[in-house]
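Fold and contact review
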Amino acid sequence: MEKKTCLYDRHVALGALMSPFGGFIMPIQYTNITDEHNAVRQHCGVFDVSHMGEVRITGPEAERYVQHIFTNDVAGAPVGQIYYGMMCYPNGGTVDDLLVYKMGDNDFFLVINAANIDKDVEWMQQQMQGFDIRFEHQSDYYGQLAVQGPEAEAVVEEVLGLPCKELKFYTAKVVAHPQPLPKGGESQGDVDIASSGKESPSLGEGLGVGSSIIISRTGYTGEDGFEIYGSHEFTQKAWDKLLESGRCKPCGLGCRDTLRFEVGLPLYGDELSADITPVMAGLSIFVKLDKEEFIGKEALAEQKANGAPARIIGIELADKAIPRHGYPVLNEAGEQVGEVTTGYHCLSVDKSVCMALVKTEFAKLGTPLQVQIRKKVFPGTVVKKQFYNKSYKK
Amino acid sequence: MATFESGLRYSESHEYVRVEGEFGYIGISDYAQHALGNVVYVDMPEVDDEVTAGEEFGAVESVKAASDLIAPVSGTVVEVNEALEDEPELLNKDAFANWIIKVQLSDPAELDNLMDVEAYKAHCEN
């Protein structure tokens, strides 16, 4: 039985096409994927991404623990800094890719993929031995909205009243005074932010801000945008305000996938998995081998030095036929050398393209390859796996 | 809302056949194009290919997914709707006017296995 996010009733009322994703029943589209995709590229869209999981790591050895399980390097990071990276198995295979927010000294907020929540929590708890930390699984508490697109900053500031102009790319801040989190379920009643502490009363006015909201300049679309974590009550009120404003189109997971795909961002389960290491996925810049220690370091260092057996690449097809996840990738002789991980008819550039995992000898740019689509075989060429340029505001 | 056209025969997998003499024009219903969303590619067989009732003869691709086309009747392909190669979105504009293939029916008795518009409407409502 799939879980529902705190916005489920709203999605159904909007007539969204609902479908299971990562253990949740989620909106795939409200009108159609193309319109929603274009809204994010050209104006502003809002996504319910409350299915994402959250974990808070605090305690005297929180930093040492995060360094142990995470491929990126958070040592000495300034408060508010966010890092993208992976958790890996000792053999280098990927447990999950995640964001790590530094909330304070020895205080980290980890955002993990919905489909991996149970597995990740179990994995992280298994690695806790010998670390003096507090591990809080907070997925049931937080709702999350992603407001994405070139107009996102103005929308978040003017519609939600959350100041975000000064936030730099991959930084976060807490709005409202942090309160102890209620144990499970939704918080009750309106709590005026004015009564909750240090921030100006105009911040997030009318949004029922009880405990803290975390807002970050991050996203999964290749556009400027923000991700906002708060209670279910906050998330519902913020969603309503955004839709009432008419300045922000509700967008489903369908276009979230086309948007992330076009700019070459990986999706766990497609471009990363227990069998696909970050090095194979071309994500080595998020693997800090100069760090003293982390799980998977030796295996990843070996792959980086001696070459990985396979790589994630981009393929552009000459034809309009669409390569999909799992379709065979063939060399010119017709022998299978890999398979498609994600493919679309790319909406922003009107071409059929895919990402694929292929044997490393076929990964070089310009290599001619073929993709088998149902009964036919279509010629293509290895290209950079970024099919459309990101436009982040840094 | 989906529209339905009378006088056609429909399959459970949402293909229709419009019979004209010994030929059948096969396409997808308006209900199907609604469910698919924006059609971005139509994978069609070639002229002279044989299609068999109940078997896949091509695919319609929306942004998100590929959906197999299942032949409602058997026959030989005598024409494919080439307009769909450049404008697959014609299926969204008018699914009944834009048939996908024209076949010479090899067993017209197969038409009896298909639904009329009333039965198909009921099928879609379930």
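The paragraphs below set out a description of the structure included in this document.

Examining the side chain of Ser11(B)
All names here are of chain B.
- Assignment of secondary structure puts Ser11 in the loop between strand S1 (9-10) and strand S2 (15-20).
- On the basis of relative accessible area, Ser11 is assigned to the buried category, the value being 8%.
- A polar side-chain atom of Ser11 sits 2.8 Å from a polar atom in the side chain of Glu15.

Brief notes about the pattern of salt bridges
- Under the defined criterion, the tally for this structure stands at 26 salt bridges over all chains.
- In this structure, the salt-bridge partner of Glu157(A) is Lys165(A), at a minimum N-O distance of 3.5 Å.
- Lys165(A) sits in the exposed class, given a relative accessible area of 56%.
- In this structure, the salt-bridge partner of Arg374(A) is Asp43(B), at a minimum N-O distance of 2.8 Å. Highlighted residues: Arg374(A) in the loop between strand S18 (368-373) and strand S19 (376-383) and Asp43(B) in strand S4 (residues 39-43), drawn from two different chains.
- Residue class for Arg374(A) comes out buried when judged on its relative accessible area of 17%.
- Overlapping salt bridges, with partners in common, bring together Asp257(A), Arg260(A), Asp270(A), Glu271(A) and Lys64(B) in one network.

Quick look at the packing of helix H2 (residues 33-42) of chain A against helix H7 (residues 253-262) of chain A
All names here are of chain A.
- Remark: H2 packs on H7, axes separated minimally by 8 Å, with the N-to-C direction vectors making an angle of 55 degrees. The orientation of H2 with respect to H7, classified from their angle, is oblique. H7 is crossed by H2, and the crossing has right-handed handedness. Between H2 and H7, the contacting residues are Ile33, Glu36, His37, Val40 and Arg41 on the first element and Gly254, Cys255, Thr258, Leu259 and Glu262 on the second.
- Split into classes, the residues belonging to the contact of H2 with H7 amount to 4 nonpolar, 3 polar and 3 charged.

Quick notes on the rules
- Residues numbered from 1 in each chain as written.
- Chains lettered and ligands numbered in written order.
- Predicted model: local features only at pLDDT ≥ 70, side-chain atom pairs only at ≥ 80, totals over all residues.
- Heavy atoms only, no water.
- Helix = DSSP H or I, 4+ residues; strand = E, 2+ residues; numbered from the N terminus.
- Buried < 20%, exposed > 50% of the residue type's maximum accessible area, 1.4 Å probe, protein only.
- Polar contact = N/O pair within 3.5 Å; in protein donor to acceptor, adjacent residues only side chain to side chain.
- Salt bridge = Lys/Arg side-chain N within 4 Å of Asp/Glu carboxyl O.
- Axes fitted to C-alpha atoms, helices over the stretch in contact; angles between N-to-C directions.
- Parallel < 35°, antiparallel > 145°, perpendicular 65-115°, else oblique.
- Left-handed = near helix turned anticlockwise from the far one by under 90°.
- Contact = heavy atoms within 4.5 Å.
- Nonpolar A, V, L, I, M, F, W, Y, C, P; charged D, E, K, R; others polar.

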